[in-house]
Amino acid sequence: MAALSVWFWNERFWLPHNVTWADLADPAPGVEYPKAGHLLSALPLAVGIFAVRILFERFIASPCAFLLHIHAASVHWRATPNPVLEKVFTSITKCPDSRRLDGLSKQLDWDVRKIQRWFRHRRNQDKPSVLTKFCESMWRLIFYLFMFTYGICFLWKCPWMWDTHHCWYNYPYQVLTPGLYHYYVTELGFYWSLMFSQFTDIKRKDFPIMFIHHLATVSLISFSYANNMLRVGSLVMCVHDASDFLLEAAKLTNYAKYQRLCDFLFVLFAVVFFITRLVLYPLWILNTTLFESWEMIGPYPSWWLFNSLLLVLQVLHVIWSYLIAGIAYKALVRGKVGGISSQPLSGWMGSVAAQLFSGLSRDVRLGHSRTCPEATLALSWLCA
């Protein structure tokens, strides 16, 4: 075990040349550098955030939903209890093909259409209600807005917000400040709480993808903390938080059926998304991590890994921006989205928003349209 720990924390991988972990010992009483052990405090914080979410959804979000006349709709048609079909549904497939349907028909002496109807009703039973989705989105809206506001207020007073060269001055001997510590640990705790809540929330089809996304986010935040890239990491988090709360706000208005407000918020979300992910991120973040850091500290193994991950993220930004633009183009020029017929002006953008929401939050499905796996994977990395 000790040998594995020594191998994992190899100084030649994590730190610039001629720097050792001993060099990053606390320089003076009350002054310290980031240490990987600090990240353990995010775990009890995640439990606290999860508990706050439960209380928030029950005592704040639910009453707000009732005021907007959003209720937990009952399922009109429930599947007749059947052990054979239930086993197939839970263990094998929720959408059986024709061959399996024929086999079940012979086994149960049921008509194929009756079996198809049973699976359709059973799938509908597992769909989360609009009330559930509203409460979840309201919680995320409040948290994303809080974190974005905190990030802006904190970074506004930081020199690296205005001159990214400060991200690398005297690196890695950059003292950890309370504000930066709280920003990082709170973000990390939130994503840990999302991992916890996936096992208690209603299971959705993209459970594995979202779990991988949350795990990757936790890993990236922890990685940048361990090698003291907190300054540039705080800029990355702030850029990504800028559009998330707008998306959740648009989803809330969509659930409440305020279509015009939903249209406006979605357009605002798309504009902010394009600006932050296609302009600010490459010209501001990648410019400093790739070029300014090369000039000031030079490359080393974890530098290459960090920048590779940031470049992969940029590729995903481009892919999803292309998908957003493509869906909007089809809605505007061709008059339909994924087989949906044209609608009045106040409705076409709502359809675009709803189709995007199907990938972003697994919440709204229009007709029989489905987000392609590549789109879902890209979106999961970006906005979950």
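Note: the structure precedes this text.
Remember, it's a predicted structure, so these values are computed and weren't measured experimentally.

The number of helices and strands found in the chain is 15 helices and 0 strands. Within the chain, the fraction of its 384 residues that count as buried is 49%. Relative to all contacts within the chain whose residues are 6 or more apart in sequence, the contacts with residues 24 or more apart total 76%. Surface summary for the chain: the accessible area is close to 19700 Å², and the carbon and sulfur share equals 67%.

Turning our attention to unusual backbone geometry. Here Y171 and P172 are connected by a cis peptide whose omega angle stands at 5°. Here P172 shows up in the loop between α8 (159–162) and α9 (178–197). Positive phi is not limited to glycine here, since N170 has a value of about 60°. Following the sequence through the fold, N170 ends up in the loop between α8 and α9. In this structure, N228 is a non-glycine residue whose phi angle is positive, near 60°.

Here the focus is the environment of P44. Looking at the secondary structure, you find P44 in helix α3 (residues 42–67). Sequence separation between P44 and G189 is 145 residues; the distance between their C-alpha atoms is 8.0 Å.

Together, V267, V271, I275, L278, V279, L280, L283 and V318 make up a nonpolar patch on the protein surface, roughly 630 Å² of accessible area in all. By residue number, the principal contributor to the nonpolar patch is helix α12 (residues 259–296), which donates 7 residues. Position of L283 among the secondary structure elements: in helix α12. Using a relative accessible area of 63% as the deciding quantity, one classes L283 as exposed.

On to the packing of α3 against helix α7 (residues 130–156), then. The contact between α3 and α7 brings their axes to 9 Å, and the two run at 120°. Between α3 and α7, the angle is such that the two are oblique. Crossing of α3 over α7 shows right-handed handedness. Taken together, the residues of α7 that come into contact with α3 (itself represented by I49, V52, R53, F56, E57, I60, A61, S62, C64, A65 and F66) are L131, F134, C135, E136, M138, W139, I142 and F143. Of the residues belonging to the contact of α3 with α7, the class tally is 15 nonpolar, 1 polar and 3 charged.

Turning our eyes to something else, we now look at the pattern of salt bridges. A pair can form between side chains of opposite charge whenever their charged atoms are brought close. Here the structure, examined in full by the defined rule, presents 6 salt bridges. The partner of D26 in a salt bridge is K35, with the nearest N and O atoms 2.3 Å apart. Take D26: its relative accessible area is 41%, and that puts it in the partly exposed class. We classify K35 as partly exposed; its relative accessible area is 30%. Linking E86 and R122 is a salt bridge whose minimum nitrogen-to-oxygen distance equals 2.9 Å.

Turning to the nonpolar core, a few remarks are in order. With 79 residues, the main nonpolar core has L155, W160, F190, M229 and Y281 as its most contacted residues. Among the secondary structure elements, those contributing two or more residues to this core are α3, α7, α8, α9, α10 (207–226), α11 (230–255), α12 and α13 (301–334). The biggest single contributor to this core is α11, with 15 residues. Contact partners of Y281, with chain neighbours within four places excluded, come to V236, V239, H240, T276, L286, L310, L313, Q314 and H317. The next biggest cluster of nonpolar side chains, apart from the first, holds 11 residues, and it includes A79, L104, W110 and I115.

Tracing the chain through its elements places E57 in helix α3. Of the polar contacts made by the side chain of E57, one reaches the side chain of R53; its length is 2.8 Å. If we ignore the near neighbours within four places in the chain, the residues touching E57 are S62, C135, E136 and W139.

This part takes up the environment of G37. Following the sequence through the fold, G37 ends up in the loop between α2 (11–14) and α3. Residue classification places G37 among the partly exposed positions, given a relative accessible area of 46%. The spatial distance from the C-alpha of G37 to the C-alpha of A226 is 8.8 Å, given a sequence separation of 189 residues.

Calculation criteria
Residues numbered from 1 in each chain as written. Predicted model: local features only at pLDDT ≥ 70, side-chain atom pairs only at ≥ 80, totals over all residues. Heavy atoms only, no water. Helix = DSSP H or I, 4+ residues; strand = E, 2+ residues; numbered from the N terminus. Buried < 20%, exposed > 50% of the residue type's maximum accessible area, 1.4 Å probe, protein only. Contact = heavy atoms within 4.5 Å. Areas by Shrake-Rupley, 256 points an atom, 1.4 Å probe, with all protein chains shown as cover. Patch = residues over 30% accessible without salt bridge, like charges linked within 9 Å, V, L, I, M, F, W, Y side chains within 5 Å. Salt bridge = Lys/Arg side-chain N within 4 Å of Asp/Glu carboxyl O. Axes fitted to C-alpha atoms, helices over the stretch in contact; angles between N-to-C directions. Parallel < 35°, antiparallel > 145°, perpendicular 65-115°, else oblique. Left-handed = near helix turned anticlockwise from the far one by under 90°. Nonpolar A, V, L, I, M, F, W, Y, C, P; charged D, E, K, R; others polar. Core = buried A, V, L, I, M, F, W, Y, C linked by side-chain atoms within 4.5 Å. Polar contact = N/O pair within 3.5 Å; in protein donor to acceptor, adjacent residues only side chain to side chain.

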